Amino acid sequence: MPFGSPNNLLVSTINGTGSGTELDYVVVFVIFAPMKGRVMILGLFTLVLTVFATIVLVSLFALHGKGRKLFCGLAATHLSIIMYGSPLTIIGRFPPSL
């Protein structure tokens with residue numbers, strides 16, 4: 001969020017590039033996926049956009065100064081843990097074979 005605090009051009013550039021790349025992946029998937037996959041991904045995409053919009057609105061209108069930075073930092077930390085931990089959910093579906 002470049003409007004959350006000043007002088008963070010590098011972070012905004014990296015995050016914006018990553019978001020654009022991920023959006024490209026989602027669009028390609030939605031184009032080529034079967035209908036059931038499209039519905040699921042579009043539902044999850046809507047959920048992600050809703051969470052992001054909620055974080056932006058709360059941080060802009062309810063918090064200021066260090067409270068805003070702390071809230072955005074905690075939200076980013078939690079979402080990063082979820083993002084990097086989500087591939088581990090597949091382990092339960094396919095137990096390792098020896």
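For the structure, see preceding data.
Since this is a predicted model, take the numbers as computed values, not measurements.

Undergrad: I'd love a proper account of the overall build of the protein chain, names of residues and values included.
TA: Check the secondary structure of the protein chain and you find 3 helices and 0 strands. Reading the helices (α) and strands (β) of the protein chain from amino to carboxyl end gives α-α-α. A globule of 98 residues ought to have a C-alpha radius of gyration of about 13 Å, yet the protein chain, at 17 Å, is considerably larger. Its C-alpha atoms give the protein chain principal-axis dimensions of about 50 × 35 × 25 Å. Looking at the protein chain as a whole, 10% of its 98 residues are labelled buried. For the protein chain, the exposed area adds up to about 8,100 Å²; of that, 76% sits on carbon and sulfur atoms.

Undergrad: Tell me about a nonpolar patch on the surface, and name the residues and values.
TA: Taken together, the side chains of Met40, Leu44, Leu47, Val51, Leu79 and Ile82 make up a nonpolar region of the molecular surface, amounting to roughly 560 Å² of accessible area. Contributions of two or more residues to the nonpolar patch are made by α2 (35-61) and α3 (66-85). The dominant element in the nonpolar patch, judged by the number of residues it contributes, is α2, at 4 residues. Look at valine 51 and you get partly exposed, because its relative accessible area is 35%.

Undergrad: Residues and numbers for the packing of helix α1 (residues 9-32) against α2, please.
TA: One way to put it is that α1 packs onto α2 with a least axis distance of 9 Å and a crossing angle of 150°. Between α1 and α2, the angle falls in the class roughly antiparallel. For the crossing formed where α1 meets α2, the hand is left-handed. Here Leu23, Val26, Phe29, Val30 and Ile31 of α1 lie close against α2, whose contacting residues are Gly37, Arg38, Ile41, Leu42 and Phe45. Looking at side-chain class alone, the contact of α1 with α2 contains 8 nonpolar, 1 polar and 1 charged residues.

Cut-offs applied
- Numbers given to residues run from 1 along each chain, matching the order in which its sequence is written.
- Restriction of local features to residues with pLDDT of at least 70 applies here, the model being predicted, together with a cutoff of 80 or more for giving and counting side-chain atom pairs; totals for whole chains, interfaces and linings are based on all residues.
- Only hydrogens and water are set aside; all other atoms, that is, all heavy atoms of the structure, feed into the side-chain values.
- Think of it this way: any DSSP run of H or I at least four residues long counts as a helix, any run of E at least two long counts as a strand, and we number them from the N terminus.
- All radius of gyration figures rest on C-alpha atoms, and the globule criterion is 2.2 Å times the number of residues raised to 0.38.
- Type-normalised accessible area, obtained with a 1.4 Å probe on protein chains alone, sets the label of each residue: buried when under 20%, exposed when over 50%, and partly exposed for intermediate values.
- Per-residue accessibility takes into account occlusion by the displayed protein chains alone, with areas from the Shrake-Rupley method and a 1.4 Å probe.
- Every patch collects residues that have over 30% relative accessible area and no salt bridge, joining them within 9 Å if they carry like charges and within 5 Å if they are nonpolar side chains (Val, Leu, Ile, Met, Phe, Trp, Tyr).
- The rule for a salt bridge is simple: a side-chain nitrogen of Lys or Arg has to be within 4 Å of a carboxyl oxygen of Asp or Glu.
- Axes here mean lines fitted to C-alpha atoms, for a helix over just the part in contact, with angles spanning 0 to 180 degrees between N-to-C directions.
- Note that the term roughly parallel is reserved for angles under 35 degrees, roughly antiparallel for angles over 145, roughly perpendicular for angles of 65 to 115, and oblique for everything else.
- Should the near helix be turned anticlockwise from the far one by less than a right angle, the crossing is termed left-handed; should it be turned clockwise, right-handed.
- By definition, residues are in contact when any of their heavy atoms lie within 4.5 Å.
- Only Asp, Glu, Lys and Arg are considered charged in this grouping, and only Ala, Val, Leu, Ile, Met, Phe, Trp, Tyr, Cys and Pro are considered nonpolar; every other residue, Gly among them, is considered polar.

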